[in-house]
Amino acid sequence: MRIANLAGRLVLVTDTGAVDVEEASRGQFGPDPTAIYRRWPDFTAWAASTELPSGRSYDETELGAPVPEPGQVFAIGLNYRAHATESGFDFPVEPPVFTKFRTSITGPVGDLALPGKTVDWEAELVVVIGREARHVAAADAWDYVAGLTVGQDYSERTRQLVAPAPQFSLGKSFPGFAPIGPVVVTLDELPDPADLEIGCSINGEQVQKARTSDLIFSVPVLIERLSAVLPLQPGDLIFTGTPSGVGGGRNPKRFLVPGEEVVTWIEGIGTLRQRCVPGPPYTTASAS
């Protein structure tokens with residue numbers, strides 16, 4: 001299945017277009033795109049046994065975040081070796097974990113308001129949890145995944161690394177800094193969900209390209225390590241980390257400026273597009 005949020009309503013994307021789930025199920029399932037993960041077994045059983053009607057055409061600008069209200073958003077740092085190296089860090093022995101606050105979540109296409117002059121890009125594979133995971137072994141972890149989507153972990157590096165203690169979550173949670181989509185793809189739709197090409201370009205210039213099989217901590221290992229500490233709930237998101245090629249790792253450093261278009265893609269899932277525009281500046285103690 002390919003699950004999307006079309007103008008705030010849960011839809012399935014098929015070869016014929018978008019099928020409204022509430023209408024197709026005759027009210028068995030509601031229109032809320034996030035709520036479906038709390039009924040994931042029932043939903044997948046219905047979808048597998050139902051002949052869907054023809055879908056309607058739509059424009060990509062109508063798509064919202066496929067999981068607009070996750071309960072928890074986890075993000076993993078330094079999860080590709082080349083990215084750890086370009087960032088000046090040793091390879092981690094445990095996944096570095098932070099969060100992106102929920103209000104940073106947005107849809108796959110739109111404007112990215114730049115709050116400062118050091119906004120960076122980070123293409124990421126995002127995992128959507130399908131059932132509660134608590135003390136899950138890595139060998140069983142894929143059974144807890146509803147699907148995968150594309151994400152960007154935009155980061156205002158100055159705010160992220162402000163002294164004396166870096167604040168990753170704040171620097172990565174400005175409005176629009178967590179676009180996801182365009183759809184959530186279930187694992188059966190992908191030949192190998194553990195090995196997908198991921199990339200990012202700016203104004204047509206490719207700046208990132210890798211495969212998700214290069215992750216230091218694979219999706220199953222991340223679920224194992226996170227669920228050993230706290231329960232993962234249906235609809236939770238895990239941003240799994242970015243490959244090398246970010247602006248802050250370049251010499252000289254390169255950051256996003258108004259007018260640039262950022263395109264992020266993952267094989268078999270789809271594409272995000274953000275057009276950079278000026279945003280309201282943030283205030284720090286040093287600037288006040």
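Please refer to the structure placed before this passage.
Residues numbered from 1 in each chain as written. Predicted model: local features only at pLDDT ≥ 70, side-chain atom pairs only at ≥ 80, totals over all residues. Heavy atoms only, no water.

Peer 1: Would you explain helix H6 (residues 219-227) in this entry?
Peer 2: What H6 keeps buried is the set Val-219, Pro-220, Leu-222, Ile-223, Leu-226 and Ser-227. Projected down its long axis, H6 shows its buried positions confined to an angular sector of 160 degrees, all on one face. For H6, the elements touching its buried residues are strand E5 (73-76), strand E6 (97-99), strand E10 (123-129), strand E11 (145-152) and strand E16 (237-239). (Buried < 20%, exposed > 50% of the residue type's maximum accessible area, 1.4 Å probe, protein only. Helix = DSSP H or I, 4+ residues; strand = E, 2+ residues; numbered from the N terminus. Arc of directions from axis to C-beta. Contact = heavy atoms within 4.5 Å.)

Peer 1: Can you help me understand the pairing of strand E1 (residues 2-6) in this one?
Peer 2: Side-chain direction in a regular strand flips from residue to residue, so the side chains alternate between the two faces of the sheet. Where burial is concerned, most of E1 is hidden: 4 out of the 5 residues are buried. Inspection of the sheet shows E1 paired to strand E13 (residues 178-185) by 2 bridges, in the antiparallel sense. When the sheet's bridge partners are listed, Ile-3 is paired in E13 with Val-184. As paired elements, E1 and strand E2 (residues 9-14) share 4 bridges and run antiparallel to each other. Paired with Ala-4 across the two strands is Val-11, which belongs to E2. Here E1 runs beside strand E4 (residues 63-64); their pairing, made up of 2 bridges, is antiparallel. Paired with Leu-6 across the two strands is Leu-63, which belongs to E4. (Pairing = 2+ DSSP bridges.)

Peer 1: Whenever I open this one, the environment of Gly-268 confuses me. Can you help?
Peer 2: Residue placement: Gly-268 occurs in the loop between strand E17 (261-266) and strand E18 (270-278). Along the chain, Gly-268 and Arg-211 lie 57 residues apart, while their C-alpha atoms are 12 Å from each other. Those residues in contact with Gly-268 that sit more than four places away from it in its chain are Arg-2, Val-185 and Leu-190.

Peer 1: Looking at this structure, I do not really get the sheet that holds E17. What am I missing?
Peer 2: Two pairing modes exist for strands in a sheet, parallel and antiparallel, and in both the strands are linked by backbone hydrogen bonds. Strand order in the open sheet made by the 5 strands is E8-E18-E17-E14-E15, with mixed pairing throughout. Of all the strands in the sheet, just strand E8 (109-114) and strand E15 (205-211) have a single pairing partner and so form its edges. Adjacent strand axes in the sheet meet at a mean angle of 20 degrees when their direction is disregarded. The sheet contact formed by strand E14 (residues 197-202) and E17 spans 5 bridges and is antiparallel. In the sheet register, Ser-201 faces E17, and the bridge partner there is Val-263. (Axes fitted to C-alpha atoms, helices over the stretch in contact; angles between N-to-C directions.)

Peer 1: I tried to follow the packing of aromatic side chains on my own but got confused; where do I start?
Peer 2: Given two aromatic rings, their pairing is described by the distance between the two centres and the angle made by the two planes. Throughout the structure, instances matching the rule amount to 9 aromatic pairs. With a centroid separation of 5.3 Å and 20 degrees between ring planes, the pair formed by Tyr-37 and Trp-40 is classed as stacked. Residue Tyr-37 shares its accessibility class with Trp-40, and that shared class is buried. Among the residues examined, Trp-40 registers a relative accessible area of 11% and is labelled buried. Grouping aromatic residues by their ring pairs yields a cluster made of Phe-29, Tyr-37, Trp-40, Phe-43 and Trp-46. It is Arg-81 that lies over the ring of Phe-91; its NZ or CZ is 5.8 Å from the centre. It is Arg-131 that lies over the ring of Tyr-144; its NZ or CZ is 3.9 Å from the centre. (Phe/Tyr/Trp six-rings, centres within 6.5 Å; stacked < 30°, edge-to-face > 60°. Lys NZ or Arg CZ within 6 Å of the ring centre and 35° of its normal.)

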